[in-house]
Amino acid sequence: MSRLCTVKVVREEDFRSQIGHDGHYFDLVDFSRVPGFQVVVDTPICHFKEQLAEEFGIPIQSQRLWLFVQRINGTFRPCTPLAPNEEKLSVGMKSSKKSNACELHLFLEVLHPLPVRNMISKDDILVFLKLYDPGQRQLRYVSTLFVKASSRPSRILPKLRTLAGFHAYEEIELYEEVNFEPTLMCVRIDINATFTYSQIQNGDIICYQKMPKAEDKYPNVELFFKHVHGQKDPQIRIQALEEEVAMLKHQVHCEKEAKKECDELKQELDNAMRQVDELRDQNRHIILEFSIQDLEQATENFSDMCNVGDNEYGGVYKGNVHKTMVAIKLSCSQSLFQQEVGLVSVLVIFMIPFSNAWLLQVSILQKCRHPNIVTIIGICSEASALVYEWLPNGNLEDCIVSSNNSPPPLPWCKRTQIIGDVCCTLLFLHANKPSALVHGDLRPCNILIDANYRSKLCNFGLSNLFLAPGAFPPNLNVRLPYIDPEFLTTGELTPQSDIYSLGVIILRVLTGMSPFSIAKKVASALESDTLHLMIDKSAGNWPYTQAKQLAFLGLSCMEMTREKRPDLLTDVWKVIEPMVTRPLVAYFQSVFEGSSAPAHFFCPIRMEIMKDPQVASDGFTYESEAIKHWLDRGNTRSPMTNLALPNRDIIPNHALRSCIQEYLEFQRQQGQNLDP
């Protein structure tokens, strides 16, 4: 009678079904819960793969088997893939012998349809990823991932965020599972040290998570494992509870200290605000009163040649008042004019009997002296007109949809700056106390562009005038793509309503497309990796990495529910600020704090100073080994622009190499001179 061997083959489906369920958190799989195949010990493994194909429906050519090996600490982890010559061996030859029983434990990796993506080099390490949610205290299996032993974990952070559905630049922590019994061991991974330095090898498990919040009971995966481990051992459980009590006492102490410091800062802030109020009283913005004759003279009797546009707010004329170029807006009705005047800080100067509703709006321009909010110069009651500063480059809508009379197309750097200006202005409005100020009608036509291509918001706070009972209806057709979906059902405007509108503007500035269904089109392009085809070509060669960040940011702002939209300060501004405050050429230097080397010395792929710089067909220079590896993995697009590479040729950059060598030699000599 032929002797049989029990072969247990686990797949990622087993990890997903076990990890996080029924108290199973540590390690990959409980083999006692995995069905086994009874196989004759003499059966070659390559023949056994035919049985796997029938059982799981996975073609033989798409199967790669990894052998589970027991480590010194008792854990079982996939160690190495079976080579073709090993697959010719029998299952009995590769099995372990336990109590006269023959057992073989294998991990089945499903290969990618493209063979080039399945190649493994000596530098490649297969790791298994788990995601921990501190808020929900949940741990689940995510995926497998090949990493480079010589690379740093910081390089895979974008991939980890994508797998978890995090926002771009979400701060995350990494931990390695090492051991559970008899002693728990879970080690935090330094994201700036190489995987080799952290002793990561094939089969290791990396747990990652968001940065924890103060209220999280088990703020990191290490403490969560201690909690789970403590449930199994009463003594350890008591110790874990004692540690938790000590931690809570420490938190209470820290909160008291923080409250004390907060009270001191609040007192300083109150003192500073009193000083600001005193200065504001001394330097109030003066609003001029113009006669209708002044405006007629400035606009040649409101001639068509001076008319620069009409909208639901009224007609806008360009005029010259006292040798100063101004924009004159004629309100389309006396009631609208009276309500809009309530936005201007003229309550004390003109003693106009405003209603209570207007008094709320008076505070807006009284307080909103901001460089990115259009400046009011004066009013004309006779003509129901308001006079504003003149901004020569029209509005953002004109710049996006170019026509014969429009300014030239905006380059990508100016578009990024405009997004930053709008974000900064919204931060200012939303920070108003005691309640945030909401623009409510944030659209490209309400974003004006000055001579230096900096943007200024206008017509803010007026959306309530159109939506109030008895008011004439707005042009919903042009407004609808920018309106917060929740506002349409609740009728309530919040700061999150402005964030939704900002998301639409970001995608429009990026693509130049119509606002209708823009989120769906951009999301589809990101999913199919065709975003580069949607970026507005008139903006020039927009850096693809930055463009992709803006695309993800715009989509996150346009979430249908307000709770899912990012916070303007901690999420949105965190992405935009580096784009507008630091020159692009300093991008690579920012990766290395304190580095004084020129930015073009760094390889865009490895973020290290190059030793053998090579110019690729996209015009960018890379480290020779890095670009060759990029091309050898079957990539046909530029690592910098994501555009198709004209060819696979690379040319040595001897001049740059010479400069780098001179720089490094100078640095070495400087270091020697500093030695005692």
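Above this text sits the structure in question.
Residues numbered from 1 in each chain as written. Predicted model: local features only at pLDDT ≥ 70, side-chain atom pairs only at ≥ 80, totals over all residues. Heavy atoms only, no water.

So what's going on with the sheet that holds strand β13 (residues 307–311)? Which residues, and what values?
Strand order in the open sheet made by the 6 strands is β12-β16-β17-β15-β14-β13, with mixed pairing throughout. The open sheet has two edge strands with one neighbour each: β12 (288–289) and β13. Across 4 bridges, the pairing between β13 and strand β14 (residues 314–321) is antiparallel. Residue pairing for β14: Asn307 is matched across the bridge by Tyr317. (Pairing = 2+ DSSP bridges. Helix = DSSP H or I, 4+ residues; strand = E, 2+ residues; numbered from the N terminus.)

Explain helix α20 (residues 544–557) to me, and be specific about the residues and the numbers.
Along its 14 residues, α20 runs 20 Å from first to last C-alpha, staying within 8% of the 20 Å computed at 1.5 Å per residue. Taking burial as the measure, the 14 residues of α20 include 10 buried ones, the bulk of the element. Taken together, the buried positions of α20 are Tyr544, Gln546, Ala547, Gln549, Leu550, Ala551, Leu553, Gly554, Ser556 and Cys557. (Expected span 1.5 Å × (residues − 1). Buried < 20%, exposed > 50% of the residue type's maximum accessible area, 1.4 Å probe, protein only.)

An account of the environment of Met93 is needed here, citing residue identities and associated values.
Within the secondary structure layout, Met93 lies in helix α4 (residues 91–94). Residues Met93 and Pro44, 49 residues apart in the sequence, show an inter-C-alpha distance of 9.2 Å.

Break down the nonpolar core for me, with residues and values.
Counting 54 residues, the largest nonpolar core has Ile447 and Trp542 as the members making the most contacts within it. Contributions of two or more residues to this core are made by α12 (396–400), α13 (412–430), β18 (447–449), α17 (495–511), α18 (518–527), α19 (531–534), α20 and α21 (568–581). Tallying contributions element by element places α17 first for this core, with 9 residues. Discounting residues that sit within four places of it in the chain, Ile447 has contacts with Gly394, Asn395, Leu396, Ile418, Val422, Leu442, Ser455, Lys456, Leu457 and Ile505. Residues Val10, Phe107, Phe128 and Cys186 belong to the second largest nonpolar core, which totals 27 residues. (Core = buried A, V, L, I, M, F, W, Y, C linked by side-chain atoms within 4.5 Å. Contact = heavy atoms within 4.5 Å.)

Before we move on, can you summarise the pairing of strand β8 (residues 138–148) with the specific residues and values?
As paired elements, strand β7 (residues 124–133) and β8 share 10 bridges and run antiparallel to each other. Bridging from a neighbouring strand, Tyr132 pairs with Leu139 of β8.

Run through the packing of α18 against α20, naming residues and quoting values.
At a minimum axis separation of 10 Å, α18 and α20 run at an interaxial angle of 135°. The angle between the axes of α18 and α20 places the two elements in the oblique class. For the element pair α18 and α20, the recorded crossing hand is left-handed. Note on element contacts: α20 touches α18 through Lys548, Ala551, Phe552 and Leu555, opposite Ala519, Val522, Ala523 and Leu526. Considered class by class, the residues forming the contact of α18 with α20 number 7 nonpolar, no polar and 1 charged. (Axes fitted to C-alpha atoms, helices over the stretch in contact; angles between N-to-C directions. Parallel < 35°, antiparallel > 145°, perpendicular 65-115°, else oblique. Left-handed = near helix turned anticlockwise from the far one by under 90°. Nonpolar A, V, L, I, M, F, W, Y, C, P; charged D, E, K, R; others polar.)

Give a detailed account of unusual backbone geometry, specifying residues and quantitative values.
Of all residues except glycine, most have a negative phi; of all peptide bonds, most are trans. Positive phi values are uncommon outside glycine, yet Asp27 reaches one of about 70°. Mapped onto the elements, Asp27 comes out in the loop between α1 (12–18) and β2 (37–40). The backbone phi angle of Gln199 is positive, close to 60°, even though this residue is not glycine. For Gln199, a relative accessible area of 64% translates into the label exposed.

Tell me what's going on with the pairing of strand β10 (residues 185–188), and back it up with residues and numbers.
Note: strand β9 (residues 172–179) against β10, 4 bridges, orientation antiparallel. Each bridged residue has a counterpart across the sheet, and for Glu177 the counterpart in β10 is Cys186.

I'd love a proper account of the packing of α17 against α20, names of residues and values included.
For the pair α17 and α20, interaxial distance at closest approach is 7 Å and the crossing angle is 150°. One way to sum up the angle between α17 and α20 is to call them roughly antiparallel. For the pair α17 and α20, the sense of crossing is left-handed. For the pair α17 and α20, the contacting residues are Ile499, Tyr500, Gly503, Ile506, Leu507 and Leu510 in the first and Ala547, Leu550, Ala551, Leu553, Gly554, Leu555 and Cys557 in the second. Counted by class, the contact of α17 with α20 contains 11 nonpolar, 2 polar and no charged residues.

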